Amino acid sequence: MAKINLSGLKKYTVMFVLAILMVLFSFTSPYFLTVRNLTNIVTQNTYFIIVAIGLSFVMIGGGIDLSVGYQMSLVGVVTAMLMVVYDVPVWLAVTLGLLLGTILGLLNGLIVSSIKVFPLIATLATSIVFQGISYMISKANTFRSYPDVFLFLTKERFLGMPFDVFLALVLAILVSIVYSETVFGFRLMALGGNEEASRLSGINIRKMKIILYTLCGFFTAIGTMVMISKANTTNSSFGPGTEFIVLTAAIVGGISFMGGEGNIPALIAGVFILAVLGNGMQLAGWGTYAQFVVRGLILLGAVAFDEYQRNTRNARQKRSGPEKLLVKGT
Amino acid sequence: MNTEYAVEMKEICKRFGGVHALKDVNLELRRGEIMGIVGDNGAGKSTLMKILSGAYQADEGEIYIYGEKAVIHNPQDSFNLGISMIYQDLALFNNLDVTKNIFVGRELVRGPFGIFLNKKSMYQKTVNLIRELRVDIKSPKLNVASMSGGQRQMVACARAIAFQSKILIMDEPTAALGVTEANKLLGLIRNLKDMGLSILLITQRIPDVLAIADRVFVLKGGQRQDILEVSRVTLDDVVTMIVKGKAGNGNQIPDVEYRSFG
């Protein structure tokens, strides 16, 4: 009997759920299915998509990075201060900001791969460290009114969409190709699927992990640029909370909490499911706090679903052959 | 230098903390033979083989492959010497299909700097391998999570063959298989020998060893007891040596009379 590719099936499930949500909300509010509202949903979520793509590297590899929120906070205030306070040219400020984000990711990678602690705890700890540094640097000030060149990224439109939408699209396509066509993407899936077997296959898993967290930091920094350019203001409280949204979106989008699975189209659909829910509830007059409740429940539900799928797969395996005899190639 | 042997391990010692897992173990594997590695639980069978496969490093001792001194620091070194180990525990990649499982870590590549996967070649090579080994796997696109224990062993064998390994180490391949599947697998191992591989077979099932091995290497308490010619020994001889050790080497003889199984 041919076995259906689970991750492929998952991909379409996510799209289907998104479509149903959209139909539902189009009944609750006449404004929901307007071009203006849908455009808003897309443009408001580009930076979530970019950060989620970054996080997907780490999560598919079997890790997690809870510090992306405060990475954004730190990178945001540093970049803004360089532009506004120190009058550094925009290109240089952005380059330094991206470099800083990359270094933060590298730090996470070094910590997770050297000290054998759970990445969940390790990045929670670095998250607090980044928070402290962010407030120490910004002294809790707000920095606004950036140079026009910097605002160009999110204000200038092409085919009716701001540039950052295309930026997100290009990154998504690029990473999609990396995941499905390259040796790196292939080894990433292997690492997330079975770390010990990967090691015995001759994959340098320490190096892989460092690269994954570094990439996450780099993408998070790109997302930060979009976020502060769009808002035209920032302070140390800009960014935190993002980690929760992108984590939920990633799991809803079929990236297994245990690693080894995931694809970009479903991930983006996951981001939009959360976005559509938020937007639809807003239009229906539910307010912000109810959205927190719903988001939390969604995360719980998605993790439970992920776990359920894993269990049924393992059960099937047990029936067809003793699990003890799992084999591993050298 | 002796090139009659595919593998020579000399005076291998390994300690884990205070436990002396291997004491001055010598092993010689001839070219193209199947050698059974037997011993009780904790005798050091897997440890010895993991040293050869690069999963562990020996504290002392030397390894020669085809007469040449070899330095094995990690699994990649071992692989480069033509050695593959198929492990008993842990797993293949359950999230990947047969083709991908075979090629993890040794992908066929194309494009600039070899960054892209050559999926077509990998698929074709897997189809050929399945045919060549005459194994019971319907499609290379099958996820290994859905396979039986025997099929999974065969995927692991295919992985070793795909990369022209000349020395194959198998850790309890038949341990959890049913009779039919175990026999199929033993048949496959014999095929591999005919293809010119030298095979080290760790097992608790002595009858398996007697059925397909040329010689059998007995370990007890981290020490080599003897290498026996399978054609000249009986099941009881082997079992006695596993339990009591080589006569006269000073090992304590257990008080309980041991009855052989099988």
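Just above, that's the structure.
Residues numbered from 1 in each chain as written. Chains lettered and ligands numbered in written order. Predicted model: local features only at pLDDT ≥ 70, side-chain atom pairs only at ≥ 80, totals over all residues.

It is worth spelling out the sheet that holds strand S4 (residues 60–65) of chain B at this point. Residue and element names in this part refer to chain B. Read across the sheet, four strands follow the order S2-S1-S4-S5 without closing on themselves; strand pairing throughout is antiparallel. Of all strands in the sheet, those with a lone pairing partner are strand S2 (19–30) and strand S5 (68–70), marking the two edges. Direction aside, the axes of adjacent strands within the sheet are offset by 25° on average. The pairing of S4 with S5 spans three bridges and is classified as antiparallel. By the bridge assignment, Ile65 is partnered in S5 with Glu68. Contacting strand S1 (5–16), S2 and S4, helix H1 (residues 45–53) crosses the sheet at an angle of about 115° to S1. (Pairing = 2+ DSSP bridges. Helix = DSSP H or I, 4+ residues; strand = E, 2+ residues; numbered from the N terminus. Axes fitted to C-alpha atoms, helices over the stretch in contact; angles between N-to-C directions. Contact = placed C-beta atoms within 7 Å.)

The subject of this paragraph is the environment of Leu21 of chain A. Its location among the elements puts Leu21 of chain A in helix H1 (residues 6–28). Sequence-distant contacts of Leu21 of chain A, defined by excluding residues within four places in its chain, comprise Ile273, Val276 and Leu277 of chain A.

This part covers the sheet that holds strand S10 (residues 198–202) of chain B. Backbone-to-backbone hydrogen bonds join strands into a sheet, with any given pair of strands oriented parallel or antiparallel. Residue and element names in this part refer to chain B. Spatially, the six strands line up as an open sheet ordered S6-S9-S10-S3-S11-S12, and their pairing is mixed. Of all strands in the sheet, those with a lone pairing partner are strand S6 (83–86) and strand S12 (223–229), marking the two edges. Across the sheet, the mean angle from the axis of one strand to that of its neighbour is 20°, orientation sign disregarded. Pairing geometry for strand S3 (residues 34–39) and S10, over four bridges, is parallel. What sits directly across from Gly36, in S10, is Leu201. Of the strands in this sheet, S3, strand S9 (167–171) and S10 are in contact with helix H6 (residues 179–194), which crosses S10 at around 150°.

A separate point is the packing of helix H5 (residues 90–114) of chain A against helix H11 (residues 205–231) of chain A. The relative placement of two packed helices comes down to the angle between their axes together with the axis-to-axis distance. Residue and element names in this part refer to chain A. Across the interface, H5 lies against H11 with an axial gap of 7 Å and an inter-helix angle of 150°. The interaxial crossing formed by H5 with H11 has right-handed handedness. Of the residues that constitute the contact of H5 with H11, the class distribution is 16 nonpolar, 11 polar and two charged. (Left-handed = near helix turned anticlockwise from the far one by under 90°. Nonpolar A, V, L, I, M, F, W, Y, C, P; charged D, E, K, R; others polar.)

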